[in-house]
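Structural overview
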Amino acid sequence: MESRPASPPDTIAAIATAPGRGGIGVVRVSGAGLGAFALALCGRTPQPRIAHFTRFLDEHERPIDEGILLYFAAPASFTGEDVLELQGHGGPVVMQMLLERCLQLGARLAEPGEFTRRAFLNGKLDLAQAEGVADLIEASTAAAARSAVRSLSGQFSEEVHRIVDALIDLRMLVEATLDFPEEEIDFLERARAMPRLESIREALEGVLDRARQGALLRSGLDVVLVGAPNVGKSSLLNQLAGEERAIVTDIAGTTRDALRETIQVEGIPLHIIDTAGLRETEDRVERIGIERTWREIARADVILHLVEAGVAAEGDLDERLPQGVERIMVANKIDLAGLPAGRVEAGGRVRLQVSARSGEGVELVRQELLRIAGWHAHGEDVILARERHLLALREALRHVEAAGTQLGALELFAEELRLAQEELGTITGEFSADDLLGVIFARFCIGK
């Protein structure tokens, strides 16, 4: 991988383990020429890639702690610079003393994501791999974690590079043809330019489809349960969660505040929000809960509107719900109404018949949420994409499709291919602006 502009020459340090007490804590240091740094800290010059049991010393050569010192010499390290990892006992006071000693020796406190940013700038990772580090740390499901590992190992980048290579080959062919305008069309037909463009388009569509699925793994869906009091919202939440998370009674208005529970369906996190029943009330506390319900509704990706099976739906409430949000009507208490579980679609609206008490038909709710999310199984090749990845892939696809309409104007054809290549380059970092890098790495935790 090509090196980018050299990293700043200063030395950085940070505690790399989570706050709190633990068996082991790690302080990480990165910079140039850290042999002398280690000598002052430990009284010895370490050998690369060998674990040294040692004492970490303060400025008066009194022991701060004892533990393991690891030294990775540049460029064979995570950041591409000299790196020290100081593994001591994981008490917060001990870690802070050890960090302060590193700062005394000339290091400065690392900014969020600065270790990973240096790895990117020194060509150890591309930008998609660097983001895979943060995604792995933040993964909320096992499926998301597996996808993040694939991005970190470079699988996403490799697919992007294959498409970029195909674009470069086609650009070279087209731009060479521009020198012989009288032979443009015949030459491009012999070189199968349009089938090559179609192959690039299909590859982009495939990556984009898998990236959309990965975006669902990252953020999931906010699903809000709404309806009149005592219609079964809390019971449905408990069924979806698989345990008793919400208090259920026959008393209307039991739920006074929004209760959030995250479940996994096919690896997708679904944030289910149980809300206060919507009705006119003089109870001050309940009114506050209802106000919060409407705020949750405004942020929802999907609304599950619960009604009682066999009872006419509240038309007024249905009209007040946001029109731009996907809605599912859920007819609950089919066990009391003597109705079967099922799914009915009419007039573009879906109605599910379930019993939140017995669990009958609840699987239909899970499957309907997956359908709305646009989820379909991809096996183990889902790409854990961010919004900027999706935007770049969509723009690249748009330019490729535009190129297909410009065969009679090869200068425009070539320009669309160049723009598509630049969009894909923003994913891996070839064409990323410094301000974008600042935004990306600022979201990392300190020590990564």
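Right above here is the structure, for reference.
So, here is what we can say about the structure in this document. Since this is a predicted model, take the numbers as computed values, not measurements. (Residues numbered from 1 in each chain as written. Predicted model: local features only at pLDDT ≥ 70, side-chain atom pairs only at ≥ 80, totals over all residues. Heavy atoms only, no water.)

Overview of the overall build of the protein
Under the convention used in this document: Numbering of helices and strands runs from the N terminus; a helix is a DSSP stretch of H or I covering at least four residues, while a strand is a stretch of E covering at least two. Exposed residues in this analysis have more than 50% of their type's maximum accessible area, buried residues have under 20%, and partly exposed residues fall in between, with area computed by a 1.4 Å probe over protein chains only. Contacts are assigned to residue pairs with any non-hydrogen atoms lying within 4.5 Å of each other. To measure how exposed things are, a 1.4 Å probe is used in the Shrake-Rupley method; for residues, cover is taken only from the protein chains shown.
In terms of helices and strands, the protein carries 16 helices and 13 strands. Across the 448 residues in the protein, those meeting the buried criterion constitute 49%. Excluding contacts between residues fewer than 6 apart, the proportion of contacts in the protein whose partners are at least 24 apart in sequence is 64%. Approximately 21400 Å² of the protein is accessible, and the part contributed by carbon and sulfur atoms is 52%.

Here's the deal with the pattern of salt bridges
Side chains that differ in charge, positive against negative, can pair when their charged atoms come close. The condition that has to hold: Any Lys or Arg side-chain nitrogen located within 4 Å of an Asp or Glu carboxyl oxygen qualifies as a salt bridge.
For the structure on display, the rule yields 20 salt bridges. Taking the shortest distance from any N to any O, the salt bridge between Glu114 and Arg108 comes out at 2.5 Å. Here Arg371 and Glu368 are joined by a salt bridge, their closest N and O atoms 2.6 Å apart. Residue Arg371 and its partner Glu368 are located together in helix α13 (residues 362-373), separated by three residues, close to a single helical turn. One salt-bridge network, held together by shared partners, links Asp10, Glu81, Arg108, Glu114 and Arg118.

Focus on the sheet that holds strand β4 (residues 63-72)
Here is the rule we go by: Strand pairing requires that DSSP identify at least two bridges connecting the strands. In this description, a line fitted to the C-alpha atoms serves as the axis of each element, helices being fitted only across the stretch in contact, and the angle between N-to-C directions of two axes falls anywhere from 0 to 180 degrees.
Spatially, β3-β4-β5-β2-β1-β6 is the arrangement adopted by the six strands of the open sheet, whose pairing is mixed. In this open sheet, the two strands that pair with only one neighbour each are β3 (52-57) and β6 (108-109). The strands touched by helix α2 (residues 92-104) within the sheet are β1 (12-15), β2 (22-31), β3, β4, β5 (82-90) and β6, with β2 carrying the most contacts at an inclination of about 15°.

Description of the nonpolar core
One recurring pattern in soluble globular proteins is that nonpolar side chains are buried together. Put simply, the rule reads: As used in this record, nonpolar core signifies buried Ala, Val, Leu, Ile, Met, Phe, Trp, Tyr and Cys residues forming a set joined through side-chain atoms within 4.5 Å.
Counting residues in hydrophobic clusters, the biggest one holds 34 residues, and the most contacted among them are Leu236, Leu270, Ile272, Leu304, Ile328 and Leu369. When residues of this core are assigned to their parent elements, the largest contribution, six residues, is made by α13. If we skip the residues at most four places from it in the chain, Leu236 touches Leu225, Leu304, Leu306, Ala356 and Val362.

Observations concerning the packing of helix α6 (residues 155-177) against helix α15 (residues 410-428)
Cut-off, in case you're wondering: The cut-offs work like this: below 35 degrees is roughly parallel, past 145 is roughly antiparallel, 65 to 115 is roughly perpendicular, and the gaps in between are oblique. Whether a crossing is left-handed or right-handed is set by the direction in which the near helix is turned from the far one by less than a right angle, anticlockwise for left-handed and clockwise for right-handed. Residue polarity follows a fixed list, in which Ala, Val, Leu, Ile, Met, Phe, Trp, Tyr, Cys and Pro are nonpolar, Asp, Glu, Lys and Arg are charged, and the others, Gly among them, are polar.
With their axes 9 Å apart at the nearest point, α6 and α15 run at an angle of 160° to one another. Relative to α15, the element α6 is oriented roughly antiparallel. Relative to α15, the crossing made by α6 is left-handed. Tallied by class, residues from the contact of α6 with α15 come to 15 nonpolar, five polar and three charged.

Some words on the pairing of strand β9 (residues 268-274)
Note on strand geometry: in a regular strand, side chains alternate between the two faces of the sheet. The buried count for β9 comes to seven of seven residues, which makes it a mostly enclosed element. Residue alternation in β9 divides its side chains into two sets, Ile268, Leu270, Ile272 and Asp274 and Pro269, His271 and Ile273, and both sets are buried. The sheet contact formed by strand β7 (residues 221-227) and β9 spans five bridges and is parallel. Bridging across to β9, Val224 finds its partner in Ile273. As defined by bridge partners, strand β8 (residues 259-265) adjoins β9 across seven bridges and the pair is classed as antiparallel. Looking at β9, one finds that Val265 is bridged to Ile268. Connecting β8 to the next strand, β9, in antiparallel fashion are two residues, including Glu266 with a positive phi near 55°.

As for the sheet that holds strand β11 (residues 326-332)
Read across the open sheet, the seven strands follow the order β8-β9-β7-β10-β11-β13-β12; overall the sheet is mixed. The open sheet has two edge strands with one neighbour each: β8 and β12 (342-346). With strand direction ignored, the average angle separating the axes of adjacent strands in the sheet is 25°. As defined by bridge partners, strand β10 (residues 302-308) adjoins β11 across seven bridges and the pair is classed as parallel. Paired with Val302 across the strands is Glu326, a residue of β11. Contacts from α13 reach β7, β8, β9, β10, β11, β12 and β13 (349-353) within the one sheet, and its direction differs from that of β13 by about 160°.

Here we look at the packing of aromatic side chains
The condition is simple: Any Phe, Tyr or Trp ring, taking Trp's six-membered ring, that has another such ring centre within 6.5 Å forms a pair; planes under 30 degrees apart are called stacked, those over 60 apart edge-to-face, and the others tilted. As a reminder, the over-ring test applies to NZ of lysine and CZ of arginine, requiring each to be within 6 Å of the ring centre and within 35 degrees of the ring normal.
Using the criterion set out here, one finds zero aromatic pairs in the structure. Looking at Arg28, its charged tip hangs above the ring of Phe115, at a distance of 5.5 Å from the centre.

Observations regarding the pairing of β2
Counting buried positions along β2 gives seven out of 10 residues, so the element sits mostly inside the fold. In this sheet, β2 lies alongside β1 in antiparallel orientation, the contact comprising four bridges. From the neighbouring strand, Ile15 faces β2, where its bridge partner is Val27. Hairpin remark: β1 followed by β2, antiparallel, with six residues in the connecting loop; positive phi at Gly20, about 110°.

Some thoughts on helix α14 (residues 387-403)
Operational definition: By this rule the span expected of a helix is its residue count minus one, scaled by 1.5 Å.
In this model, α14 (17 residues) spans 24 Å end to end at C-alpha, consistent with the 24 Å of a helix rising 1.5 Å per residue. Among the residues of α14, those classed as buried are Arg388, His389, Leu390, Ala392, Leu393, Ala396, Leu397, His399, Val400 and Ala403.

Observations concerning the packing of α6 against helix α8 (residues 193-219)
The axes of two packed helices give the description: the angle between them and the distance between them. At their nearest, the axes of α6 and α8 sit 10 Å apart, and the two run at 160° to each other. In terms of their interaxial angle, α6 and α8 are classed as roughly antiparallel. Judged by the twist between their axes, the crossing of α6 over α8 is left-handed. Between α6 and α8, the residues in contact are Phe156, Glu159, Ile163, Ala166, Leu167, Asp169, Leu170 and Leu173 and Ala193, Arg196, Leu197, Ile200, Ala203, Leu204, Val207 and Arg210, respectively. Looking at the contact of α6 with α8 residue by residue, the class counts come to 12 nonpolar, no polar and four charged.

Digging into the environment of Val83
Relative to the elements of secondary structure, Val83 occurs in strand β5. For Val83, a relative accessible area of 5% puts it in the buried group. As for Val83 and Val29, which are separated by 54 residues in sequence, their C-alpha atoms are 5.5 Å apart.

Describing the environment of Leu167
By the secondary structure assignment, Leu167 is in helix α6. On the basis of relative accessible area, Leu167 is assigned to the buried category, the value being 0%. A C-alpha to C-alpha distance of 9.2 Å links Leu167 and Val400, two positions 233 residues apart in sequence. Apart from residues no more than four positions distant in its own chain, Leu167 is found in contact with Ile200, Val400, Leu417, Ala420, Gln421 and Leu424.

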